[in-house]
Amino acid sequence: QVQLVESGGGLVQAGGSLRLSCAADGRTFRTYIMAWFRQAPGKEREFVAASTRSGSSTDYADSVKGRFTISRDNAKNTMYLQMNSLKPEDTAVYYCAAGSVYGLRSPGAYNYWGQGTQVTVSS
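Residues numbered from 1 in each chain as written. Predicted model: local features only at pLDDT ≥ 70, side-chain atom pairs only at ≥ 80, totals over all residues. Heavy atoms only, no water.

J.: Explain the environment of Gly 55 residue by residue, including any values.
T.: Turning to its location among the elements, Gly 55 is positioned in the loop between β5 (46-51) and β6 (58-60). With 28 residues separating them along the chain, Gly 55 and Met 83 place their C-alpha atoms 17 Å apart. (Helix = DSSP H or I, 4+ residues; strand = E, 2+ residues; numbered from the N terminus.)

J.: Lay out unusual backbone geometry in plain terms, naming residues and giving numbers.
T.: The backbone of Asn 77 sits at a positive phi, close to 50°, despite the residue not being glycine. Mapped onto the fold, Asn 77 is located in the loop between β7 (68-73) and β8 (78-83). Of note in this structure, Ser 85 is not a glycine but carries a positive phi near 50°. The topology assignment puts Ser 85 in the loop between β8 and β9 (92-99). Exposure remark for Ser 85: the relative accessible area of 41% places this residue in the partly exposed category. (Buried < 20%, exposed > 50% of the residue type's maximum accessible area, 1.4 Å probe, protein only.)

J.: Account for the packing of aromatic side chains, with residues named and values stated.
T.: Geometrically, a pair of aromatic rings is defined through the distance of the ring centres and the angle of the planes. Counting across every chain of the model gives five aromatic pairs. One aromatic cluster in this structure is built from Phe 37, Phe 47, Tyr 110 and Trp 113. Between the NZ or CZ atom of Arg 45 and the centre of the ring of Tyr 95, over which it lies, the distance is 3.8 Å. (Phe/Tyr/Trp six-rings, centres within 6.5 Å; stacked < 30°, edge-to-face > 60°. Lys NZ or Arg CZ within 6 Å of the ring centre and 35° of its normal.)

J.: Can you break down the sheet that holds β7 residue by residue, with the values?
T.: What the four strands build is an open sheet, ordered β1-β3-β8-β7; its pairing is antiparallel. If you trace the sheet from one side to the other, it starts and ends with β1 (4-7) and β7, each paired once. Shown here is a sheet whose adjacent strand axes are inclined to one another by a mean of 15°, direction ignored. Pairing of β1 with strand β3 (residues 18-24) involves four bridges; the strand directions are antiparallel. Looking across to β3, one finds that Ser 7 is bridged to Ser 21. (Pairing = 2+ DSSP bridges. Axes fitted to C-alpha atoms, helices over the stretch in contact; angles between N-to-C directions.)

J.: Can you tell me about the nonpolar core, naming the residues and giving the values?
T.: Ranked by internal contacts, the top residues of the largest apolar core, which has 36 residues, are Trp 36, Leu 81, Met 83 and Tyr 94. Within the residue set of this core, elements represented by two or more residues are β3, β4 (33-39), β5, β7, β8, β9 and β11 (117-122). Ignoring anything within four residues of it in the chain, the contact list for Leu 81 reads Leu 18, Arg 19, Leu 20, Trp 36, Val 48, Ala 49, Phe 68, Thr 69, Ile 70 and Tyr 94. (Core = buried A, V, L, I, M, F, W, Y, C linked by side-chain atoms within 4.5 Å. Contact = heavy atoms within 4.5 Å.)

J.: Which residues make up the side chain of Thr 52, and what values do they have?
T.: Relative to the helices and strands, Thr 52 is located in the loop between β5 and β6. A distance of 3.4 Å separates the side chain of Thr 52 from the backbone nitrogen of Ser 56, its partner in a polar contact. Residue contacts for Thr 52: discarding those within four places in its chain leaves Ile 33, Ser 57, Arg 72 and Tyr 102. (Polar contact = N/O pair within 3.5 Å; in protein donor to acceptor, adjacent residues only side chain to side chain.)

Rendered as structure tokens:
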């Protein structure tokens with residue numbers, strides 16, 4: 001059984017910061033590529049950021065590059081998404097995902113998903 005649990009979402013004003021967490025079991029964390037996706041109202045689920053198991057390689061969507069940082073704490077089996085300079089356009093449900101191949105940005109490339117955490121950015 002693979003279980004991913006997101007936390008850290010909330011309401012923040014534009015320009016503020018928020019850090020999301022994704023807790024996983026050790027086997028999952030050791031085995032899979034980890035990524036963040038988001039889905040805004042009326043939109044398709046979109047790629048945000050991904051990290052290799054070691055964290056040595058990262059990939060970011062253009063819309064968040066320079067503002068968001070993905071990281072992994074191997075001791076805690078936890079992945080983070082540090083979000084700075086937040087914009088109202090960042091408002092969405094953010095999902096943690098695990099997959100087998102790094103470099104693919106489609107949701108279909110990921111096998112396991114958390115339940116999501118809401119991020120709301122006010123103007």
